[in-house]
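Here is what each chain is made of, one letter per residue.
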Amino acid sequence: MDLFESNEPRSYFKSERNSEVSARRLPWARFSSWLECVCVVTFDLELGQAIELVYPHDVKLTEKEKTSICYLSFPDSYSGCLGDTQFSFRVRQSVGRKTLWFHEENAYNREAPVVLKRDTAHYYGYVYFRQVKDVSVKRGYFQKSLVLISRLPYVNLFQSLLQLIAPEYFEKLEPCLEAVCNEIDQWPAPIPGQTLNLPVMGVVIQMRIPSKNDKPGASPLKQSCQENLLPAPMILPTVHELDLFKCFQPILIHIQMLWELMLLGEPIVVMAPSPTVSSETILALTSSISPLKYCCDYRPYFTIHDSEFKEYTTRTQAPPNVVLGVTNPFFIKTFQYWPHIIRIGELKMSGDLPKQVKVKKLTKLKTLDTKPGVYTAYKTFLHKDKTLSKRLLKGIQRKRPSEVQSAILRRHLLELTQSFIIPLERYLVSLMPLQRAVIPWKNPPQIRPFSQDEFMRTLEHSGPQLTSVLKGDWIGLYSRFFRSPNFDGWYRQRHKEMTQKLECLHLEIICEADLLAWIKDKSEVEIVDLVLKLREKLVKAHHQQLPVRDEVLQKLELYIETIISSLPEDLQVVLHRH
């Protein structure tokens, strides 16, 4: 049936809601809004790492995806992980894979912060690996991983969930896993801005899903203080944030340099003693430029078996814009030509302070027994801020809790990123056409193109110096940033949002105009053309999920119906058919 055939308002958009409701009735619909699947990876004497179980059973992973999950779910032999180990990885989805949760995914992504949107091209893997002595096994060790596969970057939530379910699973096996998956299938969908209570194995996990409207840096608990919360024994203060202070302990004094490297999307390899340290360091690095989204590729844990190994280690071209976390010493030789290598050893203390690694020349890299250090020739654009180091050191001496130290560090990085981004945002707003230039009878005017030279001229009066005390070559930093994937990703996203804002404004102005008076002296051809253009506006608003008020769309539908009814009957029939 045609959109405008029915007398019922918003019929087209109602059908969208019906499709969402029917999608939720599909098997495992609620489970799939959180997880793609749960995998159990074991060590087979003949096959090596092998997937023992995928749940739900009807989940279709490609052979390439299964192979990647297998190799990334076990620490390599150099890590020597005995007991229980948790870490995470990120892997490419196979080309051509489609999601069944299009509408729900769109609704989530529209309201989620850019750093927490569902990843359409990668899976996140959250691993709980157990290796214990077992005389009943030929190798003498029980080795198994329970892995949660998701497209949501909720590292804190899923690692906490694994701490609850993995020990139980290793005791009771598949029936336990089936029961947990059925419980997850009863959870409400992740809705940005809402505090959710998620029951699992007799525990209620309570946490808030961040929203794009949240004030950056505010506590998730404070954001939800107005809500009527149920008492819950397990409250997660955040779904995705790690303990930055703990992650950066051996490299704290280099945090500003690392922030610049991440902002510019530079190729970095982190060599760590275990997958846990590797993955936590990589995720902490990518989050250091928040609320700006890190738009380059990153792999919290990377192995020589990875399908992108050859792509990322070729010497025929410059290293790609990617951050890799590795544990195999073999990589020291493989990546010796990369511009930035961070070698982290086992954590050692120097008095009260964790021993800080030093910046070293790349020529000092040895293929064997490379000492901890930041191996780079990079010179920072901004002068070092010594107040942060002093503040954190004072906190260590006063036995300040790690979460407080982490909050200080996160606030510092947030303010640094905001000082960098605010001038860009201010300039971007100036590219928008004036509201009075948007008129109902013409397409909305174009957003002016971004001019790097014009932007640089604004820095003298409205640059980072208004919000940051840091001195240095800010212009040089912006110049390099413009050549990075992070600028490209930021600009595309903001340009898309501004274009949608213009479209919404145009729709509102059309609805406020007197269209019936306008068509009085117009020919039938001009009126039909108007109807077709208004219909196109409606379809565009639906397909692009424009943030336009329902009453505006309803009013536009009524306008279209009224205009059609003013035409001769034969034209009415044609317009209702097409």
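Each chain carries its own residue numbering, running from 1 in the written order of its sequence. Local features are withheld for residues below a pLDDT of 70 in this predicted model, meaning they are given only at 70 or higher, and side-chain atom pairs are given and counted only at 80 or more; totals for whole chains, interfaces and linings count all residues. To get the side-chain values, take all heavy atoms of the structure and skip hydrogens and water.

Per an unreviewed UniProt entry, the protein goes by the name Protein DENND6B isoform X1 and belongs to Acipenser oxyrinchus oxyrinchus. UniProt positions are given in the numbering used here, feature names are shortened, and annotations may be inferred rather than shown by experiment. Taken verbatim from the UniProt record of the protein, the Sequence similarities (unreviewed entry) comment is "Belongs to the DENND6 family."

Novice: Sorry if this is basic, but what is going on with the nonpolar core here?
Specialist: As a rule of thumb, soluble globular proteins bury nonpolar side chains together. Residue types Ala, Val, Leu, Ile, Met, Phe, Trp, Tyr and Cys, when buried and joined through side-chain atoms within 4.5 Å, form a set referred to as a nonpolar core. Buried, partly exposed and exposed residues are distinguished by accessible area as a fraction of the type maximum, computed with a 1.4 Å probe on protein chains only: under 20%, between the cut-offs, and over 50%, respectively. Counting residues in each nonpolar core, the largest one holds 107 residues, and the members touching the most others are Trp34, Tyr154, Phe420, Leu424 and Phe450. With 24 residues, the next largest nonpolar core counts Leu507, Leu530, Ile560 and Ile564 among its residues.

Novice: So what exactly am I meant to see when it comes to helix H16 (residues 474-481) here?
Specialist: In an α-helix, one turn spans 3.6 residues; hence positions three or four apart end up facing the same way. Strands are runs of DSSP state E lasting at least two residues, helices are runs of H or I lasting at least four, and both sets are numbered from the N terminus onward. Along H16, the positions that sit buried rather than exposed are Trp474, Gly476, Leu477, Tyr478 and Phe481. Two residues form a contact once any of their heavy atoms are found within 4.5 Å. Next to the buried residues of H16 lie helix H9 (255-263), helix H14 (402-430), helix H15 (452-462) and helix H17 (485-512).

Novice: What is the right way to look at the packing of aromatic side chains in this model?
Specialist: Centre distance and the angle of the planes are the two values used to describe a pair of aromatic rings. By convention, a stacked pair of Phe, Tyr or Trp rings (six-membered ring in the case of Trp) has centres within 6.5 Å and planes under 30 degrees apart, an edge-to-face pair has planes over 60 apart, and any other such pair is tilted. This structure, assessed with the given rule, holds 35 aromatic pairs. A ring pair is formed by Tyr294 and Tyr298, whose centres lie 6.1 Å apart and whose planes are at 65 degrees; its orientation type is edge-to-face. For the pair Tyr294 and Tyr298, one class covers both residues: buried. We call a charge positioned above a ring when the Lys NZ or Arg CZ atom is no farther than 6 Å from the ring centre and deviates by at most 35 degrees from the ring normal. Over the aromatic face of Tyr298 sits the side chain of Arg90, whose NZ or CZ is 4.1 Å from the ring centroid.

Novice: Is there a simple way to explain the sheet that holds strand S5 (residues 141-150) in this structure?
Specialist: What holds strands together in a sheet is hydrogen bonding between their backbones, with the strands either parallel or antiparallel. Read from one edge of the open sheet, 5 strands run S2-S1-S5-S4-S3, paired in antiparallel fashion. Edge positions in the sheet fall to strand S2 (48-55) and strand S3 (83-92), since each has one partner strand and no second. This sheet shows a mean twist of 25 degrees between the axes of neighbouring strands, independent of strand direction. For two strands to count as paired, DSSP must find a minimum of two bridges between them. Where strand S4 (residues 122-133) lies against S5, 10 bridges are found, and the strand directions are antiparallel. Counterpart to Tyr126 in the pairing with S5 is Leu148. Packed onto the sheet, helix H5 (residues 155-172) meets strand S1 (37-44), S2, S3, S4 and S5 and runs at close to 40 degrees relative to S4. Strands in contact with helix H6 (residues 174-184) are S1, S2 and S5; relative to S2, the strand with the most contacts, it is inclined by about 50 degrees. Working convention: axes come from line fits to C-alpha atoms, limited for helices to the stretch in contact. Angles between N-to-C directions cover 0 to 180 degrees.

Novice: Explain the pairing of S3 to me, please; I cannot follow it from the model alone.
Specialist: On a regular strand, one side chain projects to one face of the sheet and the next to the other, so that they alternate. Counting buried positions along S3 gives 7 out of 10 residues, so the element sits mostly inside the fold. Relative to S4, S3 runs antiparallel, the two being bridged by 10 bridges. Bridging from a neighbouring strand, Val91 pairs with Tyr123 of S4.

Novice: How do you make sense of unusual backbone geometry when you look at a structure like this?
Specialist: Glycine aside, residues mostly have negative phi angles, and peptide bonds mostly take the trans form. That bond from Tyr55 to Pro56 is cis: its omega, -5 degrees, falls within 30 degrees of zero. Tracing the sequence through the fold places Pro56 in the loop between S2 and helix H3 (63-72). Of note, the bond from Ser290 into Pro291 is cis; its omega dihedral lies within 30 degrees of zero at 10 degrees. In this structure, Leu173 takes a positive phi of about 60 degrees despite not being glycine. Tracing the backbone shows Leu173 in the loop between H5 and H6. A relative accessible area of 39% means that Leu173 is categorised as partly exposed. Even without being a glycine, Met201 presents a positive backbone phi close to 50 degrees. Assignment of secondary structure puts Met201 in the loop between strand S6 (195-200) and strand S7 (203-208).

Novice: For this particular structure, what's the right way to read the packing of H9 against H14?
Specialist: Two quantities define a packed helix pair, namely the angle between the helix axes and the distance between the axes. Interaxial distance between H9 and H14 falls to 12 Å at its minimum, and their mutual angle equals 45 degrees. Our classification of the angle between H9 and H14 gives oblique. The handedness of the crossing between H9 and H14 is right-handed. The residues of H14 that touch H9, namely those facing Ile255, Gln256, Trp259 and Leu263, are Leu409, Leu413, Leu416, Thr417 and Phe420. In this scheme, roughly parallel covers angles under 35 degrees and roughly antiparallel covers those over 145, while 65 to 115 is roughly perpendicular and the rest are oblique. Crossing handedness is defined as follows: a turn of the near helix away from the far one that is anticlockwise and smaller than a right angle gives a left-handed crossing, while the clockwise case is right-handed.

Novice: In this structure, what is going on with empty space enclosed by the protein? I would like to understand it.
Specialist: If a probe as big as a water molecule is rolled over the atoms, it shows which places are left empty. Detection works on a 1 Å grid of protein atoms alone, calling trapped sets that fit a 1.4 Å probe cavities and calling open sets with protein on both sides within 12 Å along at least five of seven lines pockets, with lining residues defined by an atom within 4 Å of a point. Grid points are joined across faces, edges and corners, and a volume is the space filled by probe spheres set on the points. Applying the stated criterion across every chain yields a total of 2 cavities of 30 Å³ or more. Under the scheme applied here, ten amino acids are nonpolar (Ala, Val, Leu, Ile, Met, Phe, Trp, Tyr, Cys and Pro), four are charged (Asp, Glu, Lys and Arg), and all others, including Gly, are polar. Counted by class, the lining of the largest cavity contains 3 nonpolar, 3 polar and 3 charged residues.

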